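Inside the fold
Now for the letters of each chain:
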Amino acid sequence: MGTISEKILSRASGKTAVANDFVMADIDYAMAHDGTSILAVKAFREMEVEKVWNTDKIVIPFDHLAPANSDTTASLQKDIRNWIHEQKIRNFYDIGNGICHQVLPEKGFAMPGKLIVGADSHSCTYGAFGAFGTGVGATDMAEIFASGKLWFRVPESIKITVEGNMNKHVCAKDLTLKVVGTVGSDGATYKALEFYGNTISDLSVSGRMTLCNMAIEMGAKTGIVPPDNKTLEYVKKRAVDEYDPVYADDDAIYAKEIHIDVEDLEPQIARPHEVDNVCGVSEVEGTRVDQVFIGTCTNGRLEDLEDAAAILEGKDVAVRTIVIPASRDIMIEATKNGTVEKLLEAGATFATPGCGPCLGGHMGVIGDGETCISTANRNFRGRMGKGGCIYLASPATAAASAVTGTITHPGNV
Ligand SMILES: CC(C)[C@H](C(=O)O)[C@@H](O)C(=O)O
Ligand code: SF4
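The numbers attached to residues start from 1 for each chain and follow its sequence in the written order. Following the order in which they are written, the chains are lettered starting with A and the ligands numbered starting with 1. Selection of residues for local features in this predicted model requires a pLDDT of at least 70, selection of side-chain atom pairs for listing and counting requires 80 or more, and totals for whole chains, interfaces and linings are taken over all residues. The side-chain values count all of the structure's non-hydrogen atoms but skip hydrogen atoms and water molecules.

Now for the pattern of salt bridges. We define a salt bridge as a contact between a side-chain nitrogen of Lys or Arg and a carboxyl oxygen of Asp or Glu at a distance within 4 Å. For the coordinates displayed, the defined rule picks out 17 salt bridges. Here arginine 11 and aspartate 28 are joined by a salt bridge, their closest N and O atoms 3.0 Å apart. Residue arginine 11 is located in helix H1 (residues 4-13), and its partner aspartate 28 is located in the loop between strand E1 (22-26) and strand E2 (29-31); the two are separated by 17 residues in the primary sequence. Relative accessible area decides the class of each residue, using a 1.4 Å probe on protein chains only: under 20% of the type maximum gives buried, over 50% gives exposed, and in between gives partly exposed. What makes aspartate 28 buried here is its relative accessible area of 9%. Across the pair aspartate 26 and lysine 149 runs a salt bridge whose closest N-O atoms are separated by 2.6 Å. Here the residue aspartate 26 occupies a position in strand E1, and lysine 149 occupies one in strand E7 (residues 149-153), the gap between them amounting to 123 residues. Given the relative accessible area of 37%, lysine 149 is considered partly exposed. Note on conventions: DSSP H or I runs of at least 4 residues are helices, E runs of at least 2 residues are strands, and numbering of each starts at the N terminus.

Let us now look at the confidence of the model for the protein chain. Within a predicted model, pLDDT stands for the predictor's per-residue confidence, ranging from 0 to 100. Confidence in the prediction of the protein chain, expressed as mean pLDDT, is 98, and 100% of residues score 70 or more. Predicted as a complex, the structure gets a pTM of 0.98 and an ipTM equal to 0.99.

With that out of the way, let us pick up helix H13 (residues 328-336). In this structure serine 327 caps H13, since a side-chain oxygen of it lies 3.4 Å from the backbone nitrogen of aspartate 329. Once H13 ends, the next one or two residues include glycine 338, with phi positive near 90°. For this analysis, a polar contact is any N or O atom pair within 3.5 Å, provided that within protein one partner can donate a hydrogen and the other can accept it, and provided that sequence-adjacent residues contribute only side-chain to side-chain pairs.

Looking at ligand 1, the residues that line it are His33, Thr36, His64, Asp120, Ser121, His122, Leu359, Arg378 and Arg383. For ligand 1, an oxygen atom lies 2.6 Å from a polar atom in the side chain of aspartate 120. With respect to ligand 1, the side chain of arginine 383 contributes an N or O atom lying 2.8 Å from an oxygen atom. Surface burial for ligand 1 is 74%, taken as the share of its 310 Å² of free accessible area covered by protein chains. Taken together, the residues of the shell around ligand 1 break down into 1 nonpolar, 5 polar and 3 charged. In terms of domain composition, the shell around ligand 1 takes at least three residues from each of domain 1 (4-259) and domain 2 (271-412). By convention in this text, a residue qualifies as near a molecule or strand provided that one of its non-hydrogen atoms is within 4 Å of it. Every accessible area reported is derived by Shrake-Rupley at a probe size of 1.4 Å, with residue values counting cover from the shown protein chains alone. All amino acids are sorted into three groups, where Ala, Val, Leu, Ile, Met, Phe, Trp, Tyr, Cys and Pro are nonpolar, Asp, Glu, Lys and Arg are charged, and the leftover types, Gly among them, are polar. Throughout, the edges of the domains are those of an automatic or database domain assignment.

Here the focus is the site of ligand 2. The local shell around ligand 2 consists of His64, Ile99, His101, Asp120, His122, Thr296, Cys297, Cys355, Cys358, Leu359, Asn377 and Arg383. Classifying every residue of the shell around ligand 2 gives 5 nonpolar, 5 polar and 2 charged. Looking at the shell around ligand 2, you find at least three residues from each of domain 1 (4-259) and domain 2 (271-412).

Glancing now at the sheet that holds strand E8 (residues 157-163). In any sheet, the strands associate via hydrogen bonds between backbone groups, in a parallel or an antiparallel arrangement. Strands qualify as paired when DSSP identifies two bridges or more between them. The 4 strands are arranged E10-E9-E8-E11 in an open sheet whose pairing can be described as parallel. Whereas interior strands pair on both sides, the edge strands pair on one side only; in this sheet they are strand E10 (222-224) and strand E11 (256-261). Mean inter-strand twist for the sheet, computed between neighbouring axes without regard to direction, equals 20°. Pairing of E8 with strand E9 (residues 192-196) involves 5 bridges; the strand directions are parallel. Looking at E9, one finds that threonine 161 is bridged to tyrosine 196. Against the sheet, H1 touches E8, E9 and E10, its axis set at about 125° to E9. Axes, fitted as lines to C-alpha atoms, cover a helix only where it is in contact. Angles between the N-to-C directions of the axes lie from 0 to 180 degrees. Here, residues are in contact when the closest pair of their heavy atoms is within 4.5 Å.

Spelled out as structure tokens, the structure:
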């Protein structure tokens, strides 16, 4: 008897582990990006360990301030590049490759049954592939760099079942916001979420990534979709390693079970300044926006850009609209299939694949008193620029709002 998390952490620690046990686990893959590797490498150096534990299992994408936004950032990045080179770390993805949480799955590191730890809170995204993906702080990451191990308290799990067929213009992001609004931003603290139900099975791999990406916005340690044929189809072409899918036992014990029906759901939106301040788009329709941002590890994938292009094709944006594909591979696909052209012709501005203005670093930070509708995962006060307001929505709602300059239901343009 076991949940997916109990079974993955049992395998990784070599003993039968149940919720609330403390285990020392072997990490399958460890990720740090340009933002957090600086502190992780500093802590690693202070430990006076000569070599990292494994040069193949550490993955470092540069995505947060990439390309560098200042000479200070450039110097810090130079130091990390040198360290990566000295340590002979094989999996380094420099600027332009894309956001860590997109790059790891694309390059085959996110596999069912694996324990993947990232020095970034949205590392829960890998749960879309049936992995236990979770975020840790930079000093914990230094410990992993040195030993390949980390201790965990095995989380209790919450089973979330989502059922119903979604209406036209309603997508994975709307479902995700509905889940976050229902569970609440502290409703799953240190719990692992397991997602079931026909709506989850119907979601594409990309949609499942959107959902698992926001597990941390409910305080969860991770969010996992049991692997199925869609997962295996995605993973088998890319996997860098052998893997063994893990499923919960029928008698697995859950701390809670939650049912959500999305049959008549309308497009959802999270109002400033809390992720769980969720309502239907119709409640805030007409609110003026200064900027539209389509991208991030939540919604910068090919189908997200295609959803936006389907709305914007043949129209002109009424406000500045920034589009940032989550990875280079996505940008290539979106260029080949005409999506980039449609968005450019509508007046969108493209930037280098990466995090962009998501956390207020560069390439689209908003001004005091400005409002942005964004496809990201966080709308905390000041996240995209001091004093700004952020609404979180789907790519279709963001694109429809770009057409009118006000928050708009995608069915109304
Ligand atoms: C910079 C990094 C530590 C941070 C995170 O961990 O989530 C960022 O990616 C974010 O989304 O706020
Ligand atoms: S896109 Fe945003 S949420 Fe995702 S890793 Fe980058 S800063 Fe964090």
